[in-house]
Each structure stands twice: as structure tokens, then as C-alpha cells.
Amino acid sequence: GQLLTALHEVASTGARAVVLVSGDSGTGKSALLDEFRKRAASPATFAFGKFDQYKQALPYSALAHAFQALVRDLLGRSDEDIEGWRTSMRHALGTRGQVMVNLLPDVRHLIGEQPPIPDLSGNEARTRFLHVFRQFVGVFARPGQPLVLFLDDLQWLDAATLAVFELLATHADVRHVLLVGSYRPKDALATEFQECLHRLRSAPSRPVEIALRGLEAGDVAQMLADALHEERP
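A. Geometry of the nonpolar core. Core analysis: the biggest nonpolar cluster contains 57 residues, and Phe-67, Met-89, Leu-104, Phe-133, Phe-136 and Phe-140 have the highest contact counts within it. In this view, Phe-140 contacts Thr-45, Phe-67, Leu-70, Leu-74, Trp-85, Met-89, Gln-145 and Leu-147; residues no more than four positions away in its chain are not counted. With 17 residues, the next largest nonpolar core counts Ala-17, Ala-40, Ala-44 and Val-148 among its residues.

In C-alpha cells form, the structure reads like this:
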């Protein structure tokens with residue numbers, strides 16, 4: 001219900017909404033997202049990124065996972081359809097397209113060979129990436145067809161990816177985006193993640209929070225009673 005309401009708001013107003021889903025392993029976070037995707041009434045573009053323990057040393061790997069399927073889907077379309085996306089992406093990325101090619105090599109097939117970008121380090125490189133990635137997201141987040149970006153296991157994401165999540169959740173220019181992040185409270189001990197949560201909750205537009213819990217004996221009894229159309233004893 002809350003996810004559908006948030007998507008409706010994004011689709012109808014062009015605003016940006018943030019939903020945080022918390023719950024331990026096995027409480028149904030993935031099932032909730034699957035059901036939400038099936039029931040979404042408005043057309044939306046879905047991107048799903050998940051932490052990969054084998055790529056935890058690779059910054060932005062969850063973002064690459066989320067957008068790789070979208071880019072490959074574009075490449076499988078007709079030449080006429082691709083041309084419109086190619087134009088939009090080239091316009092959005094300008095002369096910094098190589099930043100996205102470094103993250104998603106398939107982007108090169110959409111925008112062609114790119115001019116080299118200066119080597120930067122530390123905060124300068126991160127600032128450049130944040131700006132370019134925000135422009136890239138805007139290509140997929142469109143009026144009447146919002147982007148739903150779901151990042152799973154936020155508590156394990158690298159600091160660089162968390163910074164992107166926070167930027168998309170708070171930057172005034174981000175529109176037509178429903179940002180959904182899930183995490184396990186028992187594993188959410190990292191300082192960077194806790195600080196990110198605090199800033200999100202302190203922002204003028206606070207996120208919607210959904211806390212899932214495991215089924216207890218009473219829940220199972222109620223489910224059985226509902227299925228059998230009987231009153232609980």
C-alpha cells in the first residue's frame with residue numbers, strides 16, 4: 001500500500017519519493033517488491049541493484065547491477081527507438097560520457113566513443129561521478145514514466161554508493177524517481193550507514209519507512225482462519 005501510494009505520488013506530481021524497507025532475512029522484503037511491481041498501475045521503469053559480496057571492493061557495483069539490464073534492454077530495441085534514447089543520453093552526459101562508460105561499458109554502444117576525461121582523485125572524482133550519474137538517472141526518469149530504483153542490502157553498500165543513494169534522495173533536481181532501499185537492522189552497524197539514515201530522516205522530505213517482521217504463531221493462526229473462513233479460537 002505505502003509503496004503504491006508513493007509511486008502514484010511520483011507519477012502524478014513528478015516529485016521524488018523515498019521508501020526505506022527494514023527487516024531481517026526472511027521477512028519478505030523481496031516478496032514485497034515483487035508484489036509491488038506486479039500491482040503498479042502506472043507505467044514505470046524498474047531498476048534493481050543488490051550488494052554482491054564478491055564485488056564489495058568495487059565502488060558503485062550495486063548501481064552497475066541496477067542499470068546494466070536497462071541499458072541492454074535499450075540496445076535490443078529498434079534503431080528508431082534507440083535513436084531517441086541516444087539523443088537524450090548524449091545531451092544529458094555532454095562531454096563526460098566516459099564516466100558512465102567506465103561504470104557501464106555497454107553505454108558506449110549508445111553514445112559512441114567518448115573524449116577522455118581528466119584523471120581525478122578523492123573528493124573531486126566522487127563529486128564528478130555524482131553529478132554525471134544524476135544526469136544519467138534523469139534519462140530514465142521521465143514525466144508519466146517514473147524510475148523506480150531499488151537498492152537491496154543498503155547496510156553493506158560501499159560509502160561511495162551510499163553517497164549516490166543519499167544524493168538521489170535529497171537533491172532538489174531529482175524528479176520522477178521513487179527510490180527504495182532495504183536493509184537488515186541487525187546488520188546495520190556501520191557508521192557510514194547510520195549517519196546516512198540520520199541525514200535522510202532529518203531532511204525536509206523524510207522517507208516513508210516500512211518495517212517488516214517475521215511471522216509469529218498468532219499470524220499463522222490468523223492466516224489459517226482467514227483461509228478456512230473461520231473465526232480464530
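B. Representation of unusual backbone geometry. The phi torsion at Tyr-60 lies on the positive side, around 65 degrees, for a residue other than glycine. Relative to the helices and strands, Tyr-60 is located in the loop between strand E2 (45-50) and helix H3 (61-75). By relative accessible area, Tyr-60 is classed as buried at 11%. For His-176, which is not glycine, the phi dihedral falls at a positive 60 degrees. With respect to the secondary-structure elements, His-176 resides in the loop between helix H8 (159-170) and strand E4 (177-183).

C. Geometry of helix H2 (residues 29-39). Buried within H2 we find Lys-29, Leu-33 and Phe-36. Considered in projection along H2, the buried side chains sweep an arc of 60 degrees and stay on one side of the axis. Of the residues in H2, the exposed ones pointing more than 90 degrees away from the buried face are Lys-38 and Arg-39. Of the surrounding secondary structure, the elements contacted by the buried residues of H2 are helix H1 (2-13), strand E1 (16-22), E2, strand E3 (147-152) and E4.

D. Highlighting the pattern of salt bridges. Under the counting rule described, the total for this entry stands at 13 salt bridges. When the shortest N-O distance is used, the salt bridge between Arg-134 and Asp-173 registers 3.7 Å. A residue pair is termed long-range when its members are at least 10 positions apart, and Arg-134 in helix H7 (residues 122-140) and Asp-173 in the loop between H8 and E4 qualify at 39 residues. For Asp-173, a relative accessible area of 54% corresponds to the exposed category. Arg-184 serves as the salt-bridge partner of Asp-187, at 3.9 Å between the closest nitrogen and oxygen. Owing to a relative accessible area of 22%, Arg-184 belongs among the partly exposed residues under this scheme. Through salt bridges with shared partners, a single network forms among Lys-50, Asp-152, Asp-153, Arg-184 and Asp-187.

E. A look at the sheet that holds strand E5 (residues 208-211). Taken together, five strands build an open sheet; the order of strands is E2-E3-E4-E1-E5 and the sheet is parallel. The two strands at the open ends of the sheet, each matched to only one other strand, are E2 and E5. With strand direction ignored, the average angle separating the axes of adjacent strands in the sheet is 15 degrees. Relative to E4, E3 runs parallel, the two sharing five bridges. Looking at E4, one finds that Val-148 is bridged to Leu-178.

F. Just the packing of H7 against H8, in detail. Between H7 and H8, whose axes approach to 10 Å, the crossing angle comes to 50 degrees. Viewed along their axes, H7 and H8 adopt a mutual orientation that is oblique. Here the hand of the crossing between H7 and H8 comes out right-handed. Contacts between H7 and H8 pair Arg-126, Phe-129, Leu-130, Phe-133, Arg-134 and Val-137 from the former with Ala-159, Ala-160, Ala-163, Val-164, Leu-167 and Leu-168 from the latter. Of the residues belonging to the contact of H7 with H8, the class tally is 10 nonpolar, no polar and two charged.

Conventions used here
- Residues numbered from 1 in each chain as written.
- Predicted model: local features only at pLDDT ≥ 70, side-chain atom pairs only at ≥ 80, totals over all residues.
- Heavy atoms only, no water.
- Core = buried A, V, L, I, M, F, W, Y, C linked by side-chain atoms within 4.5 Å.
- Buried < 20%, exposed > 50% of the residue type's maximum accessible area, 1.4 Å probe, protein only.
- Contact = heavy atoms within 4.5 Å.
- Helix = DSSP H or I, 4+ residues; strand = E, 2+ residues; numbered from the N terminus.
- Arc of directions from axis to C-beta.
- Salt bridge = Lys/Arg side-chain N within 4 Å of Asp/Glu carboxyl O.
- Pairing = 2+ DSSP bridges.
- Axes fitted to C-alpha atoms, helices over the stretch in contact; angles between N-to-C directions.
- Parallel < 35°, antiparallel > 145°, perpendicular 65-115°, else oblique.
- Left-handed = near helix turned anticlockwise from the far one by under 90°.
- Nonpolar A, V, L, I, M, F, W, Y, C, P; charged D, E, K, R; others polar.

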